[in-house]
Amino acid sequence: MKIKLHEIAVKDVFSGYKDFGEDNGVVGYDGKLNIRPRYQRNFVYDLDQSKAVMNSVLHGFPLNIMYWVVNDDGYEVLDGQQRTLSVMQFLDHKYPININGQTMYVDSLPNDLYDRLMNYKFMIYWCSGTDSEKLDWFRTVNIAGEKLTDQELRNITYTGPWLSDAKKYFSKRNCAAKKLSDPYVKGDPNRQELLELALKWIADAKHTTITDYMAQHKSDD
C-alpha cells in the first residue's frame with residue numbers, strides 16, 4: 001500500500017458536491033471523489049455528532065486523519081465518510097448549528113467563520129494498492145471512531161453488481177428483508193446485519209464462509 005499525505009481545503013472538496021441519493025452515491029472534489037462508495041455503509045452520524053464535527057472545524061481544531069483510495073478515474077473515501085458528509089451537508093443547507101446562542105445555517109455565518117470553514121484543511125492520506133491491501137488497511141484505520149461491523153468490512157473488498165443488488169433487498173431500513181424478518185430475527189439492515197445473517201445461512205449450507213462465498217460471486221449480475 002502506497003500512502004501520501006495531502007492537505008485539502010473544505011472548499012475544494014465541496015466543489016462539484018452532489019448527493020444523488022442513497023442508491024446513486026455522493027461525489028465531490030470536482031466530481032473526482034466518490035464520497036460514498038458502494039461498499040461503504042450508509043450515513044450513521046446523528047445530528048449531534050455532525051454538529052460536533054462542525055464545531056471542531058469552526059474552531060480550527062484538527063479532525064482525525066482521513067484516507068482516500070486512488071483509482072484510475074479519481075478517488076474514493078476509504079475512511080472519513082461520516083466526517084466529510086457532516087461538513088458537506090452543513091454547506092448544503094441540510095442542518096443548522098448553534099453559535100453563541102444563535103441558530104445559523106451556512107449562509108448566516110459571519111464572514112470570518114465562513115472563510116475559516118471554507119479554508120479549513122482536511123488531512124488526507126491518498127492510498128493506492130491491491131484489494132487485499134485496501135481491506136487490511138481499512139481494518140487498521142477502523143480501530144477508533146464509529147467502528148465498522150464485520151460485514152461492512154467485507155463489503156469493502158467484494159463490491160460489485162452482485163453486492164449492490166443484494167443491498168437493495170437487505171441493507172435499508174425499509175427493505176424487503178426487514179419487512180419479512182421482523183417477526184423472526186433481529187438486526188439493523190443499515191449496519192448490514194440482515195445481509196450478514198442471510199449470507200451466513202447460505203455459506204453454512206454450502207459448507208463455506210461468508211468471505212469465500214462473496215469472493216465467488218463478486219462479479220455476478
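Quick note: structure is the one above.
Residues numbered from 1 in each chain as written. Predicted model: local features only at pLDDT ≥ 70, side-chain atom pairs only at ≥ 80, totals over all residues. Heavy atoms only, no water.

**Details of the overall build of the chain**
Part 1 of the argument: Secondary structure assignment for the chain yields 10 helices and nine strands.
Part 2 of the argument: With the C-alpha coordinates aligned to their principal axes, the bounding extent of the chain is approximately 60 × 45 × 30 Å.
Part 3 of the argument: By residue count, 47% of the 221 residues in the chain fall in the buried class.
Part 4 of the argument: A distance of 1 Å separates the average location of the 28 positive side-chain charges in the chain from that of its 31 negative side-chain charges. (Helix = DSSP H or I, 4+ residues; strand = E, 2+ residues; numbered from the N terminus. Buried < 20%, exposed > 50% of the residue type's maximum accessible area, 1.4 Å probe, protein only. Lys, Arg positive; Asp, Glu negative; His and termini not counted. Charge placed at Lys NZ, Arg CZ, Asp CG, Glu CD.)

**Here we look at the pattern of salt bridges**
Should their charged atoms come close, side chains of opposite charge can pair.
Part 1 of the argument: One pass over the full model with this rule turns up seven salt bridges.
Part 2 of the argument: Its salt-bridge partner being Arg191, residue Glu152 comes within 2.9 Å of it at the nearest N-O pair. Pair noted here: Glu152 is in helix 6 (residues 150-157) and Arg191 is in the loop between helix 8 (176-181) and helix 9 (193-205), with a separation of 39 residues, a long-range link.
Part 3 of the argument: A relative accessible area of 16% means that Arg191 is categorised as buried.
Part 4 of the argument: Notably, a salt bridge pairs Lys178 with Asp182, separated by 3.1 Å at the nearest N-O pair.
Part 5 of the argument: Its relative accessible area of 22% is what places Lys178 among the partly exposed residues. (Salt bridge = Lys/Arg side-chain N within 4 Å of Asp/Glu carboxyl O.)

**A look at the pairing of strand 6 (residues 74-79)**
Part 1 of the argument: Extensive coverage of strand 6 is indicated by the burial of six of its six residues.
Part 2 of the argument: Pairing geometry for strand 5 (residues 66-71) and strand 6, over five bridges, is antiparallel. Looking at strand 6, one finds that Trp68 is bridged to Val77.
Part 3 of the argument: Joining the antiparallel neighbours strand 5 and strand 6 is a turn of two residues. (Pairing = 2+ DSSP bridges.)

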